[in-house]
Amino acid sequence: MSVVPLLVGLATRAALLPLSVLPSDGDPAAPLQPADLFSRTYVGSAALAPDGRHALALEMEGVGGPARLVALEWGKRGATRTVHELPADDWSALSYDAKGEVALLLRGALPGCELWGIEAGGAPRRILSPGASSRIFDVFHAANGAAGGDGGRWLALLESEEPREALLQAVDVEHGVLGEVVARFGPLSIRERALAPDGSALALVATDAPSFRVEGDALDLWLFEFAAGRARKVTGGGLQLAKPTFTPDSGAVVCALQEARNAVSSAKRDLARIDLATGRATRLTSDVPISIGNGIFGADERIVFVDERTLLVPTQRGLADDLLEVVLDAQGGAASWRWRTDGRAAWSRLSAAPGARRLLAIESGPARPDRVRLLEWPSLESRVVEDPNEGLVQRGLAPWRVVSFRGADELPLDGLLLEPAEFAAPYPALIVLHGGSAGRSTLRFNDNFAQAWASLGYAVFAPNLRGSDGYGADFLAMNVGDFGGRELADLDAAADALVALGVADARRLFVLGHSYGGYLAEMAALRSTKFRAACAAAGVSDWTSFYATSDLSALAVVGLGGTPDQQPDLYRARSPARLLESLAGECAPLLFVHGQRDRRVPVEQSERMFAAMARRERPCELLSLPGVGHVIRGRENVEKWLGAADRWFRRFGEEPPETGVGPPFPRGNRR
């Protein structure tokens, strides 16, 4: 690595300007800019009515932009689309009543929230605001047994802070008030719920611990039977459950199940059928090679039954989010399973109308922003019924492909590659590392801001190194006890693969990561010779202090094989701040980005590493974001982050390499 000029100074307190690119106002002839991508429409959720002939979609223009509720209807006379503007805020729990005539949705963050409703052919209206002392975290329509009759009623799950209590309460939609308290659950922390098809019971995934922790507390299945008027605990023994769904006969509950007491375990997540009488769990996907669901808990996506014995669930498979079909036998066990989609997209947020033999799903891909598809069962033939981003697709998004390569020990690996649409290779290349460590890079649109980086002229590669989810339990456990070890060899192999393909300019390779990816970016800056500059967002620099201060200290125990007292040498050897103390040569210039309210990786991790590099006159800079937690949210904060990183890479990419003057930065040659 060439010697770089000294670039040390005071930490930048969110003073850097946003990306110096302006939106193109939708002009198809204008070059695509990051602002266009941040202003795209997000489809947060969609709900299919029981008759399968109409649906609702919640959309938002950009992060924190205008929100709208789109009513869709199709039939013999064609399709109609009615748009209702909404206040821009958090929206959730979109659900229909049994007849599909009324839908309710929630608005707002904690504490407090608002309940809104929309009737067929009408406009959304606010029904009630329960107040800041309690919150509604789910609302659903109950008929038959739950309603005490055939008419049905709306029920809300609430949680109050003083006293700490979870309760089930009726909602009077007509008069806009909360009605009778149907049940009091006491100090349960409820995470998810499911209503039995016959209305007789409510299944709750919950914990009775004083306050739920990501590590250490079980999430068990509780059953509230309306006739009995009380809730009972069905499972025990330290399971982590998610996504409860009743079987069509209301006799059992299917859940995602993990036999671990903390969320950072690498144990495989399976679908399981839980007998409500005995609590016995029968695994349904033991021979499926990957874990079920998306995310650490696998709770992002619903399980839906499409007929009496067949269920579907969106599940990670490598980079893709595919639809997994599981068919149950007559005894409720798994008879067969198969993938119903082709590994080329990300499917999410299933909504089913089994009586109409139809499903609704949100689909996206690396060059395809969110759109809503209506699927026929059982063929899964589909058509697009809502595509709010069609104009953006026509603007010249970066093309993509999956690139396979060999990591350390010749381990087969892959990742998503995007190449700038307007330029020719070799490009300045950016390797983007996901968090986790058991996260993954995906085919979801603009995941890791890949399209935004490509619009600035970078080739973007998002690899899934060992320890990533979506490739099976063995692969997921490959970095357990070895954080910052062979993953760095995998990362170097990814860089070499891009150069060998003719995609990357070896003199202008950069690395960026968030959370665990930020940690790996710091390690790469110190230990690799491949990268001209690095950006670490919310990265760990010292595992010993992380163990003492993080709300997820178990991550260090899993990744380093024990506590600091049990593994003192490994805690020192795998901490960038400790490595810096003995570093004799140069390191890659490091930009640190961190939220000041981060409890997962406290901001002191970046502040101390920045100060240590500054004392040693190593090139570094710190962007500290006030009011921001572990996840960098909000368009303004994201633009500050990407803008700072872009300028950082340009600064060091423009420096002539040792062998002479390199190509102009950051663009490749125009096609």
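Let me sum up the structure you'll find in this document.

Cut-offs and rules
- Residues numbered from 1 in each chain as written.
- Predicted model: local features only at pLDDT ≥ 70, side-chain atom pairs only at ≥ 80, totals over all residues.
- Heavy atoms only, no water.
- Phe/Tyr/Trp six-rings, centres within 6.5 Å; stacked < 30°, edge-to-face > 60°.
- Helix = DSSP H or I, 4+ residues; strand = E, 2+ residues; numbered from the N terminus.
- Buried < 20%, exposed > 50% of the residue type's maximum accessible area, 1.4 Å probe, protein only.
- Axes fitted to C-alpha atoms, helices over the stretch in contact; angles between N-to-C directions.
- Parallel < 35°, antiparallel > 145°, perpendicular 65-115°, else oblique.
- Contact = heavy atoms within 4.5 Å.
- Nonpolar A, V, L, I, M, F, W, Y, C, P; charged D, E, K, R; others polar.
- Pairing = 2+ DSSP bridges.

Right, let's get into the packing of aromatic side chains. Taken as a whole and judged by the stated rule, the model has 19 aromatic pairs. Centre to centre, the rings of Tyr516 and Tyr519 are 5.5 Å apart; their planes meet at 45 degrees, and the pair counts as tilted. Of this pair, Tyr516 and Tyr519 both sit in helix H6 (residues 516-527), three residues apart, which is roughly one turn of that helix. A single burial state applies to Tyr516 and to Tyr519, both of which are buried. Taking the centre distance of 5.2 Å and the plane angle of 80 degrees together, the rings of Trp543 and Phe546 count as edge-to-face. Pair noted here: Trp543 and Phe546 are both in helix H7 (residues 543-549), with a separation of three residues, about one helical turn. Relative accessible area serves as the criterion here: at 0%, Trp543 is assigned to the buried category. Overall, Phe546 belongs to the buried group, its relative accessible area being 1%. What links up through ring pairs into an aromatic cluster is the set Phe483, Tyr516, Tyr519, Trp543 and Phe546.

Another point: the packing of helix H5 (residues 486-500) against H6. Packing of H5 against H6 brings their axes to within 10 Å, and their N-to-C directions diverge by 75 degrees. Judged by the angle between their axes, H5 and H6 are roughly perpendicular. Counting all contacts with H5, which are made through Glu487, Leu488 and Leu491, the residues of H6 involved are Tyr516, Leu520, Met523, Ala524 and Arg527. Here the contact of H5 with H6 is composed, by residue class, of six nonpolar, no polar and two charged.

Okay, the sheet that holds strand S11 (residues 165-172) next. A sheet is described by the order of its strands in space; here four strands give the open sequence S9-S10-S11-S12, paired in antiparallel fashion. In this open sheet, the two edge strands, each paired with only one partner strand, are strand S9 (134-142) and strand S12 (177-186). Geometrically, the sheet is characterised by an average inter-axis angle of 25 degrees between neighbouring strands, direction not taken into account. In this structure, S9 lies alongside strand S10 (residues 153-160), joined through eight bridges in antiparallel fashion.

In this section: the pairing of S10. Two faces, one strand: in a regular strand the side chains alternate between the faces of the sheet. Most of S10 sits out of view: seven of its eight residues are buried. Two elements, S10 and S11, share seven bridges in a ladder whose sense is antiparallel. Directly across from Leu158, in S11, lies its bridge partner Leu167. The antiparallel hairpin formed by S10 and S11 contains four residues in its connecting segment.

Attention now moves to the pairing of strand S1 (residues 41-48). Across the eight residues that make up S1, a large majority, six, are buried. Here S1 runs beside strand S2 (residues 54-61); their pairing, made up of seven bridges, is antiparallel. By the bridge assignment, Ser45 is partnered in S2 with Leu58. Counting the residues in the hairpin turn of S1 and S2 gives five residues, including Gly52, whose phi is positive at 70 degrees.

Here Ser364 is to be found in strand S26 (residues 358-365). Ser364 gets classed as buried once you look at its relative accessible area, which sits at 7%. When sequence neighbours within four positions are dropped, the list of residues in contact with Ser364 reads Ala345, Ala346, Pro369, Asp370, Leu443, Arg444 and Phe445.

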